[in-house]
Amino acid sequence: MAARIGIFAVVVAVFLSIPAFSSAQDLQIVNAERRIDLSSHIVKAFLTLKVENIGKSAAAEMLLAFSPTQIKNLAMVQALAITGKKKKKTYLPLDVKPTEQPDAPNDTGYYRVTFVSPLGPGETVSLEVLYILTHSLEPFPVEITQSESQLVYYHDSAVILSPYHVKQQTTFVKTPSTRVESFTSIEPANRAGKEIKYGPYENRASYSYAPVIIHFENNSPFAVVEELVREIEISHWGSLQITENYRLTHGGARHKGVFSRVDYQSKRSVSGASSFNALLAVLPPRVNSVYYRDDIGNISTSHLRTGFRKSELEFEPRYPLFGGWRATFIIGYRVPLEDYLFEASDGRRYLNFTFGCPLVETIVNKLTIKVVLPEGSKDPSAILPFTVNQDLQVKYSYLDIVGRTVVVLQKDNVVPTHNVPFQVYYTFKPIYMLAEPFMLVSAFFFVFVASLAYVHIDLNIARK
Amino acid sequence: MAAKPIASPIPVALYPTLSVFTLAIGLVITAIFFIYETTSSRKNRSLGKELATSAVASVFLGFGSLFLLLASGVYV
């Protein structure tokens with residue numbers, strides 16, 4: 001028995017050590033092309049890698065390395081495997097997970113990408129990696145007046161940080177306008193219009209890093225939602241009521257000095273170049289009863305356009321937002337139940353809804369989604385394609401006795417790429433729907449019985 | 001797709017009409033109940049009749065108020 005456990009432990013140890021060994025030494029990146037898009041305050045980077053297995057054993061996965069500051073600001077990492085050539089390319093999504101390596105130099109963070117099938121010795125595979133960074137554009141100058149344009153720093157490395165040897169690589173950085181104050185030049189680097197090209201660099205060793213700083217103008221709206229609480233209330237009587245509480249700020253260079261409304265309205269292209277006053281929310285197609293209000297009351301500066309595939313709510317806060325300014329508001333709407341509630345094959349019901357924030361091109365620092373299940377629901381569970389913090393609460397609403405179960409999903413650093421469907425499963429016996437009318441019926445019956453008792457009770461003292 | 005959409009047991013468009021009719025019937029039966037109470041004397045009052053009328057009236061009034069709540073947007 002002990003011998004068996006010993007053999008099992010040795011086999012497990014051998015299996016665990018093999019992936020660690022093969023991923024660090026045996027892979028080599030033949031060609032890497034990185035395109036970084038700095039047009040908005042959400043930094044998107046596309047990496048096209050051609051990975052070759054130069055070892056003797058098959059490699060099932062590879063590691064992507066990120067610097068410590070980038071790891072903190074990474075909102076999403078996605079990887080696709082490219083097969084086929086030219087017109088017949090097919091893209092297969094790969095499993096990407098954050099991981100820790102024990103011997104990481106300088107606190108490098110890692111993501112592990114698992115291949116579709118293990119890469120044999122001598123084989124190559126083409127991958128496309130997308131990663132999104134938030135809060136990575138640092139405004140400099142930190143404070144600007146109303147008439148100045150917003151300039152930001154972007155810190156990165158001209159050489160792609162990788163645990164593998166990279167034979168050839170090029171990095172293209174796209175800026176939103178042609179105004180680039182300065183950029184670190186690491187030969188060969190040159191700029192043409194809105195594009196800065198770093199490379200091609202040959203034969204860089206693993207973990208090589210060449211820090212660059214690009215100082216450029218970015219007047220795109222830095223809309224950051226500090227906190228968003230979305231409450232989705234399911235009513236089996238026919239609708240889904242969604243209430244969203246926003247705390248919106250402008251995350252760019254802080255505004256200093258006075259705000260001149262005259263300058264703002266007369267010289268709109270120059271004054272408040274980095275400010276924004278209109279926001280767009282993409283709502284579901286068959287939406288009704290949309291309201292937009294805040295603590296003061298209803299805000300009328302909004303336009304709703306309903307459509308077949310989606311509805312758009314274009315709304316404006318009560319004032320334009322400059323750097324450091326905040327706006328708090330509530331948006332609520334109702335959608336029909338049959339679009340989102342389904343019955344699974346095992347008899348459970350599930351809600352299929354879109355995660356994330358309906359505002360376009362905004363970062364949400366802290367997102368909380370609360371799914372309020374009807375009274376009498378049991379065994380709630382949520383299925384999401386990425387990790388979130390899950391919790392359960394109880395909410396007391398109209399005609400409730402025991403309260404409604406609330407599934408709370410919480411996630412930090414949410415970008416529009418997180419707007420994917422998720423499901424919340426629960427069991428519900430349809431007979432429980434009668435609990436609400438039964439409560440009303442018994443309330444009315446109590447009134448009748450009280451009047452009956454009043455009529456029948458004889459309070460006379462004198463005998464007839 | 002194997003998923004079957006779940007809708008309300010009663011079509012949502014019917015809620016306002018249903019609420020008007022059930023409340024009307026409920027109020028008529030309530031009227032019958034109170035007329036019976038006031039016009040009958042202590043001797044020939046029948047408790048069974050009273051309870052039956054009040055039960056039917058409270059069912060109609062209960063469902064009528066539920067449909068009224070749903071029709072006005074308070075999806076309970």
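Residues numbered from 1 in each chain as written. Chains lettered and ligands numbered in written order. Predicted model: local features only at pLDDT ≥ 70, side-chain atom pairs only at ≥ 80, totals over all residues. Heavy atoms only, no water.

## Comments concerning the overall build of chain B
Each helix and strand counted, chain B has two helices and one strand in total. In terms of overall size, chain B is more extended than a compact globule, its C-alpha atoms giving a radius of gyration of 18 Å where 76 residues would be expected to give roughly 11 Å. The principal-axis extent of the C-alpha atoms belonging to chain B is close to 65 × 25 × 15 Å. Considering only contacts within chain B whose residues lie at least 6 apart along the sequence, 65% involve residues at least 24 apart. As presented, chain B carries roughly 4300 Å² of accessible surface, and 77% of it is formed by carbon and sulfur atoms. (Helix = DSSP H or I, 4+ residues; strand = E, 2+ residues; numbered from the N terminus. Rg over C-alpha atoms; globule rule 2.2 N^0.38 Å. Contact = heavy atoms within 4.5 Å. Areas by Shrake-Rupley, 256 points an atom, 1.4 Å probe, with all protein chains shown as cover.)

## Considering the packing of aromatic side chains
Residue and element names in this part refer to chain A. Counted under the stated rule, the structure contains 25 aromatic pairs over all chains. An aromatic cluster is defined as three or more aromatic residues linked by ring pairs; in this entry it consists of Phe259, Tyr264, Tyr319, Phe322 and Trp325. The ring of Phe172 carries Arg35 above its face, with NZ or CZ at 4.3 Å from the centroid. (Phe/Tyr/Trp six-rings, centres within 6.5 Å; stacked < 30°, edge-to-face > 60°. Lys NZ or Arg CZ within 6 Å of the ring centre and 35° of its normal.)

## Observations regarding the pairing of strand S1 (residues 27–37) of chain A
Residues and elements named next belong to chain A. When S1 meets strand S2 (residues 43–53), the two strands line up antiparallel, connected through ten bridges. Residue Arg35 lies in a different strand from S2, and its bridge partner there is Phe46. Hairpin connection, S1 to S2: the antiparallel pair is bridged by five residues. Bridge analysis of S1 against strand S11 (residues 165–174) gives nine bridges, and the strand direction is parallel. Looking at S11, one finds that Asn31 is bridged to Gln168. (Pairing = 2+ DSSP bridges.)

## Details of the UniProt feature "transmembrane region" (unreviewed entry) in chain B
Within the UniProt annotation, "transmembrane region" (unreviewed entry) is assigned to residues 12–36 and 56–75 of chain B. Structurally, residues 56–75 of chain B comprises 80% helix and 0% strand, and the distance from its first C-alpha atom to its last is 25 Å. (UniProt positions renumbered as here; feature names shortened; annotations may be inferred.)

## Some points on the sheet that holds strand S14 (residues 195–204) of chain A
Two orientations exist for strands paired in a sheet by backbone hydrogen bonds: parallel and antiparallel. Residues and elements named next belong to chain A. Taken in spatial order, the ten strands of this open sheet run S3-S6-S5-S4-S7-S2-S1-S11-S14-S13, and their pairing is mixed. The sheet is open, and its two edges are formed by strand S3 (59–66) and strand S13 (189–192), each paired on a single side. With direction set aside, neighbouring strand axes in the sheet form an average angle of 20 degrees. When strand S4 (residues 74–83) meets strand S7 (residues 124–133), the two strands line up antiparallel, connected through eight bridges. Looking across to S7, one finds that Ala81 is bridged to Leu127. (Axes fitted to C-alpha atoms, helices over the stretch in contact; angles between N-to-C directions.)

## Some thoughts on the interface of chain B and chain A
Taken together, the contact between chain B and chain A spans 35 residues of the former and 32 residues of the latter. Looking only at chain B, the three residues that lose the most surface to chain A are B:Ile6, B:Tyr75 and B:Val76, adding up to 25% of its buried area. The tally of links between chain B and chain A comes to one salt bridge. Taken together, the links from chain B to chain A amount to seven residue pairs in polar contact (both at pLDDT 80 or more). At the level of elements, strand S1 (4–5), helix H1 (15–39) and helix H2 (47–71) of chain B are the ones that each hand at least two residues to the side of chain B that touches chain A. Among the elements that take part in the side of chain B that touches chain A, H2(B) stands out by supplying 14 residues, more than any other. As defined by bridge partners, strand S24 (residues 341–343) of chain A adjoins S1(B) across two bridges and the pair is classed as antiparallel. (Buried area = accessible area lost by both parts, 1.4 Å probe. Salt bridge = Lys/Arg side-chain N within 4 Å of Asp/Glu carboxyl O. Polar contact = N/O pair within 3.5 Å; in protein donor to acceptor, adjacent residues only side chain to side chain.)

## A few points about the side chain of A:Arg230
Residues and elements named next belong to chain A. Within the secondary structure, Arg230 is located in strand S16 (residues 223–235). In this structure the side chain of Arg230 is engaged in a polar contact, spanning 2.9 Å, whose partner is the side chain of Glu244. If near-sequence neighbours (up to four positions away) are discounted, Arg230 is found in contact with Thr243, Glu244, Tyr333, Phe353, Thr354, Phe355, Gly356, Pro358, Thr368, Ile369 and Lys370.

## What about the UniProt feature "transmembrane region" (unreviewed entry) in chain A?
Per the UniProt record, the feature "transmembrane region" (unreviewed entry) sits at residues 438–457 of chain A. When the span residues 438–457 of chain A is considered, its composition is 95% helix and 0% strand, and the gap between its end C-alpha atoms is 28 Å.

## What about unusual backbone geometry?
Residues and elements named next belong to chain A. For the bond from Phe140 to Pro141, the omega torsion is 10 degrees, close enough to zero to count as cis. Among the secondary structure elements, Pro141 is positioned in the loop between strand S8 (137–139) and strand S9 (143–144). Look at the link from Glu187 to Pro188: it is a cis peptide, with omega at -5 degrees. Take Pro188: it is sitting in the loop between strand S12 (180–183) and S13.

## Things to note about the side chain of A:Ser311
Note on placement: A:Ser311 falls in strand S22 (residues 311–315). Ignoring anything within four residues of it in the chain, the contact list for A:Ser311 reads A:Ala281, A:Val282, A:Leu283, A:Pro284, A:Pro285, A:Val287, A:Arg305 and A:Thr306.

## Points about the packing of helix H4 (residues 435–456) of chain A against H2(B)
Direction vectors running N to C along H4(A) and H2(B) enclose 145 degrees, while the axes themselves pass 8 Å from each other. Handedness of the H4(A)/H2(B) crossing: right-handed. Taken together, the residues of the contact of H4(A) with H2(B) break down into 15 nonpolar, five polar and one charged. (Left-handed = near helix turned anticlockwise from the far one by under 90°. Nonpolar A, V, L, I, M, F, W, Y, C, P; charged D, E, K, R; others polar.)

## Describing the sheet that holds strand S19 (residues 279–283) of chain A
All names here are of chain A. If you walk across this open sheet you meet the three strands as S19-S22-S21, and the pairing is antiparallel. Strands at the two margins of the open sheet, each flanked by one partner only, are S19 and strand S21 (302–305). Averaged over all neighbouring strand pairs, the angle between strand axes comes to 15 degrees, with direction disregarded. Here S21 pairs with S22 via four bridges, running antiparallel. Across the sheet, residue Arg305 finds its bridge partner in S22, namely Glu312.

## Structural notes on the pattern of salt bridges
A side chain with one charge can pair with a side chain of the opposite charge if their charged atoms come near. All chains considered together, the criterion is met by 24 salt bridges over all chains. With a closest N to O distance of 2.9 Å, A:Arg230 and A:Glu244 form a salt bridge. Here A:Arg230, found in strand S16, pairs with A:Glu244, found in strand S17 (residues 239–250); they are 14 residues apart in sequence, far enough to count as distant. Each member of the pair, A:Arg230 as well as A:Glu244, carries the same accessibility label: buried. Two residues, B:Lys4 and A:Glu343, come together in a salt bridge whose shortest N-O distance is 3.8 Å. Pair noted here: B:Lys4 is in strand S1 and A:Glu343 is in strand S24, and the two residues belong to different chains. Looking at A:Glu343, the relative accessible area reads 28%, which means it is partly exposed. The structure contains a network of salt bridges with shared partners spanning A:Glu231, A:Glu233, A:Lys395, A:Asp400 and A:Arg404. (Buried < 20%, exposed > 50% of the residue type's maximum accessible area, 1.4 Å probe, protein only.)

## What to know about the packing of H1(B) against H2(B)
Packed helix pairs are characterised by how far apart their axes lie and by the angle those axes make with each other. All names here are of chain B. Where H1 contacts H2, the two axes come as close as 7 Å, and the packing angle between them is 155 degrees. What the angle tells us is that H1 and H2 run roughly antiparallel. For H1 against H2, the interelement crossing comes out left-handed. Partitioned by chemical class, the residues of the contact of H1 with H2 number 19 nonpolar, eight polar and three charged. (Parallel < 35°, antiparallel > 145°, perpendicular 65-115°, else oblique.)

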